[in-house]
Amino acid sequence: MLAVLYAVKNAARFNLNADKMLDVALITVPLAILCARAYYVIFDGEKLESFSDFFGFSDSSGFSGIAIYGGVIGAFTFGLILCKLFKVKFLDMFDIAAIGFLIGQCVGRWGNFVNQEAYGSFTGSGWWG
């Protein structure tokens, strides 16, 4: 949401129509999230028992993971397709989206810190880790 807010506020600086840019973003973002989940499920190695496992509905802990690589691939692919459909200059759109990726990465790192998953594992050594 912060990235979209930044993009709408600065659309004129990037020679973009804010309404068309927002149309592309509102469709691309959910598709990129689905691609991030698909990438995680495909490369996680666990076998899915049902279609609801893809969304993590059957897991008691809730949604069980996404992968940033799949999100970036999905955002690039669907962003390019939708820019062509909505007649948005895709190079200008990708310029502003690059800043959005950086904003998203910053917020994602806060999530890693809160989940205590970004610092590695314990080593058992008294002087290291």
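Description of the structure in this document. Keep in mind the model is a prediction, meaning the values are calculated, not measured.

Looking at the overall build of the protein chain
The helix and strand inventory of the protein chain stands at 5 helices and 0 strands. Secondary structure elements in the protein chain, listed N-terminal to C-terminal, are α-α-α-α-α. Relative to its full complement of 129 residues, the protein chain shows a buried share of 24%. Put simply, 67% of the contacts in the protein chain that link residues at least 6 apart link residues at least 24 apart.

Quick word on the pattern of salt bridges
Scanning the entire structure with this criterion turns up 1 salt bridge. Close ionic contact of Asp-92 with Lys-89 constitutes a salt bridge, the shortest N to O distance being 3.7 Å.

Brief notes about helix H2 (residues 18–44)
For H2, with 27 residues, the first-to-last C-alpha span of 38 Å sits near the 39 Å given by 1.5 Å per residue. Among the residues of H2, Met-21, Val-24, Ala-25, Thr-28, Ala-32, Ala-36, Arg-37 and Val-41 are the ones counted as buried. Capping of H2 at its N-terminal end is provided by Asn-17; its side-chain oxygen lies 2.9 Å from the backbone amide nitrogen of Asp-19.

Notes on the environment of Ala-98
You can see Ala-98 is positioned in helix H5 (residues 90–114). Classification of Ala-98 by relative accessible area gives partly exposed; the value is 37%. Placed 95 residues apart in sequence, Ala-98 and Ala-3 show a C-alpha to C-alpha distance of 9.6 Å.

A look at unusual backbone geometry
A positive phi angle is found at Asn-15, which is not glycine, with a value near 60 degrees. Looking at the secondary structure, you find Asn-15 in the loop between helix H1 (2–9) and H2. At Lys-87, a residue that is not glycine, the phi angle is positive and equals roughly 55 degrees. Among the structural elements, Lys-87 can be located in the loop between helix H4 (68–86) and H5. A relative accessible area of 68% places Lys-87 in the exposed class.

So, how was this worked out
- Residues numbered from 1 in each chain as written.
- Predicted model: local features only at pLDDT ≥ 70, side-chain atom pairs only at ≥ 80, totals over all residues.
- Heavy atoms only, no water.
- Helix = DSSP H or I, 4+ residues; strand = E, 2+ residues; numbered from the N terminus.
- Buried < 20%, exposed > 50% of the residue type's maximum accessible area, 1.4 Å probe, protein only.
- Contact = heavy atoms within 4.5 Å.
- Salt bridge = Lys/Arg side-chain N within 4 Å of Asp/Glu carboxyl O.
- Expected span 1.5 Å × (residues − 1).
- Polar contact = N/O pair within 3.5 Å; in protein donor to acceptor, adjacent residues only side chain to side chain.

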